[in-house]
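So the chains spell out like this:
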Amino acid sequence: MANIRDIAKLSGYSVSTVSRVLNNHPYVSEEKRQKILEIIHELDYIPNAKARDLSSGTSKHIAVMIPYANHPYTDKIVSGILQAAFLDRYKVTLLPTNYDPEVEQQYLNDLAAKAWDGMIITSKKISFDVIANYLKYAPIVCCEDTGVFPISCVSIDRKKSYYDLFKRLKQHGHNNIGLIIGRTEKYSASTQVVLEAYRKVTGLTDPTLIFRDCRTYADGIEAGEYFSQFKNLDALVTNGDDVAAGVLQKLSLDRTLVIGAENLLSSQLLKFSTVDHHLDLCGKKAFGLLFTESIKRVEIPYTFIQH
């Protein structure tokens, strides 16, 4: 297999000149460039990617830490990241964690070892305090509010969105409101915000009106079965459109107003209202912040879509 020294020998130019051509360096005459490119083509030479990355100090390769590989919430954020990364010719590696802090820690160690140029963390269990310690190795952006920690972030205005949603329901005469949540509030700041808004705005304290650990369409069917036993349920706020679609296999919109989240195809087809937190935009903005020099925070607004 040919190497860069073979190309230099056949072309009559130095290894450094060949290297400049391989790396698209502008300061090479067109005559030299064309001759070297002809020999590269004749030898069917493919540059060593790792060696090229070491030479340039960058790999154009980022990592995205995700909790699950098959969740609509994650999929929409990742979609935004991929669109932005493609435009800048960056490769993207997805790192599922299942919220295992040991796995998250190992990925951060890999980042420190220069496995990628940077990392976007969509959701995690490990603390911001730990994450902040890795900023000296590579840039990191989180897709949630990082609070007092000096970590760039793109956060969703979830607090305002759910306060406004529960107020809207109350104003329209919905007083007996059920709630579906995913991760426990002990580990999820998002769940904490939703529960706080629910209790403060509705005044409801009955724990039976809250269905927990619900993430998928199948979980939604189970939740729908559970809430079908409630005779006077006015409305049901879910934590995702696919969950809401599952609920509607057991509940009728004519009987109970069901609200989804994230404006997926399921809400459009089944015609139920949803809260769009614009997760794809969150992903695009996160990629945009990854290689900025200063710590920046971006907040994404929400849209209530009524059907």
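Owing to the predicted nature of the structure, the values given are computational and were not obtained by experimental measurement. Along each chain, residues carry numbers from 1 onward, in the same order as the chain's sequence is written. For a predicted model such as this one, the threshold for reporting local features is a pLDDT of at least 70, and the threshold for listing and counting side-chain atom pairs is 80 or more; totals across whole chains, interfaces and linings nevertheless cover every residue. Hydrogens and water are ignored here; the side-chain numbers use all heavy atoms of the structure.

Novice: Describe in detail the overall build of the chain, supporting the description with residues and values.
Specialist: Along the backbone of the chain there are 13 helices and twelve strands. When we talk radius of gyration, it's over C-alpha atoms, and the globule rule is simply 2.2 Å times the number of residues to the 0.38. Relative to its length of 307 residues, the chain is extended, with a C-alpha radius of gyration of 25 Å against a globular reference of 19 Å. Its C-alpha atoms give the chain principal-axis dimensions of about 85 × 40 × 30 Å. Think of it in three bands: residues with accessible area under 20% of the maximum for their type are buried, residues over 50% are exposed, and the middle band is partly exposed, with areas taken using a 1.4 Å probe on protein chains only. The buried share of the chain, reckoned over its 307 residues, is 45%. Sequence separation of 24 or more characterises 59% of the internal contacts of the chain that already satisfy a separation of 6 or more. For the chain, the exposed area adds up to about 16,000 Å²; of that, 51% sits on carbon and sulfur atoms. Every helix listed is a DSSP run of H or I at least four residues long, and every strand listed is a run of E at least two residues long, numbered separately from the N terminus. In what follows, a contact means two residues having at least one pair of non-hydrogen atoms within 4.5 Å. Here the open area of atoms and residues is found with the Shrake-Rupley method and a 1.4 Å probe, where only the protein chains shown may cover a residue.

Novice: Before we move on, can you summarise the nonpolar core with the specific residues and values?
Specialist: Only buried Ala, Val, Leu, Ile, Met, Phe, Trp, Tyr and Cys residues count toward a nonpolar core, and they belong to the same one when joined by side-chain atoms within 4.5 Å. Judged by nonpolar contacts, the single largest core of 37 residues is most densely connected at Phe166, Leu179, Ile180 and Val237. Elements with a minimum of two residues in this core: helix H8 (158-171), strand E6 (177-180), helix H9 (189-202), strand E7 (210-211), helix H10 (217-227), strand E8 (235-237), helix H11 (241-247) and strand E9 (257-261). Ignoring anything within four residues of it in the chain, the contact list for Ile180 reads Phe211, Cys214, Ala223, Phe227, Leu236, Val237, Thr238, Asn239, Val243 and Val247.

Novice: Could you give an account of unusual backbone geometry, naming the residues involved and the relevant values?
Specialist: With the exception of glycine, most residues fall at negative phi, and the peptide bonds are largely trans. Phi is positive for Tyr99, which is not a glycine, with a value near 60 degrees. By relative accessible area, which is 12% here, Tyr99 ends up buried.

Novice: Before we move on, could you go through helix H2 (residues 15-22) and cite the residues and values that matter?
Specialist: Among all positions of H2, only Thr17, Val18 and Val21 are buried. Relative to the axis of H2, the buried residues are bounded by an arc of 100 degrees and lie together on one face. Where H2 terminates, the next one or two residues include Asn24, which has phi positive at roughly 55 degrees. Each direction from the helix axis to a C-beta atom contributes to the arc, which is the arc of those directions.

Novice: Tell me about the pairing of E9, and name the residues and values.
Specialist: With respect to burial, E9 is a largely interior element, four of its five residues being buried. With H11 bridging E8 and its parallel neighbour E9, the resulting β-α-β unit is right-handed. Handedness of the crossover joining E9 and strand E10 (residues 274-276) through helix H12 (residues 265-270) is recorded here as right-handed. For the handedness criterion, the strands are oriented away from the viewer, and a crossover whose path from the first strand over the helix to the second runs clockwise is classed as right-handed.

Novice: If you had to explain the packing of aromatic side chains to someone new, which residues and values would you point to?
Specialist: Stacked, tilted and edge-to-face pairs are distinguished by plane angle, under 30 degrees for stacked and over 60 for edge-to-face with tilted covering the rest, among Phe, Tyr and Trp rings (Trp via its six-membered ring) whose centres lie within 6.5 Å. Under the definition given, this model contains 13 aromatic pairs. On the numbers, 5.5 Å between centres and 85 degrees between planes, the contact of Tyr68 with Tyr99 is edge-to-face. A residue pair is termed long-range when its members are at least 10 positions apart, and Tyr68 in the loop between strand E1 (61-66) and helix H5 (72-87) and Tyr99 in the loop between strand E2 (91-96) and helix H6 (101-112) qualify at 31 residues. Both residues of the pair, Tyr68 and Tyr99, count as buried. A centroid spacing of 5.3 Å and a plane angle of 25 degrees characterise the contact between Tyr90 and Phe291, whose relative ring orientation is stacked. Separated by 201 residues along the polypeptide, Tyr90 in the loop between H5 and E2 and Phe291 in the loop between helix H13 (279-290) and strand E11 (297-300) bring together distant segments of the chain. Here, a charge over a ring is recorded when the distance from Lys NZ or Arg CZ to the ring centre is within 6 Å and its angle to the ring normal is within 35 degrees. The ring of Tyr187 has Lys125 sitting right over it, with the charged end atom 4.1 Å from the ring centre.

Novice: Run through the domain arrangement of the chain, naming residues and quoting values.
Specialist: Residue ranges assigned to each domain were obtained from an automatic or database domain assignment. When its domains are assigned, the chain resolves into domain 1 (4-56), domain 2 (61-151 + 280-302) and domain 3 (158-276). Placing a centre on the C-alpha atoms of domain 1 and another on those of domain 2 gives a separation of 35 Å.

Novice: So what's going on with the pairing of strand E5 (residues 152-156)? Which residues, and what values?
Specialist: The buried fraction of E5 is high, at five of five residues. Burial along E5 is two-sided: the face carrying Ser152, Val154 and Ile156 and the face carrying Cys153 and Ser155 are both buried. Where E5 meets E11, four bridges bridge the pair, whose relative direction is parallel. By the bridge assignment for E11, Ser155 is matched with Glu299. Here a strand pair is declared whenever DSSP counts at least two bridges between the two strands.

Novice: I'd like a rundown of the packing of H2 against helix H3 (residues 30-43), residues and numbers included.
Specialist: Viewed as axis vectors pointing N to C, H2 and H3 meet at an angle of 85 degrees, and their least axial separation amounts to 10 Å. Comparing the axis directions of H2 and H3 gives the class roughly perpendicular. Contacts between H2 and H3 involve Thr17, Val18, Val21 and Leu22 from the former and Lys32, Arg33, Ile36, Leu37 and Ile40 from the latter. Residues belonging to the contact of H2 with H3 are distributed by class as follows: six nonpolar, one polar and two charged. The convention used is that axes are lines fitted to C-alpha atoms, helices contributing only their stretch in contact, and that angles between N-to-C directions extend from 0 to 180 degrees. With respect to orientation, any angle under 35 degrees is reported as roughly parallel, any angle over 145 as roughly antiparallel, any angle of 65 to 115 as roughly perpendicular, and every other angle as oblique. Any residue that is not Ala, Val, Leu, Ile, Met, Phe, Trp, Tyr, Cys, Pro, Asp, Glu, Lys or Arg is counted as polar, Gly included; the first ten are nonpolar and the last four charged.

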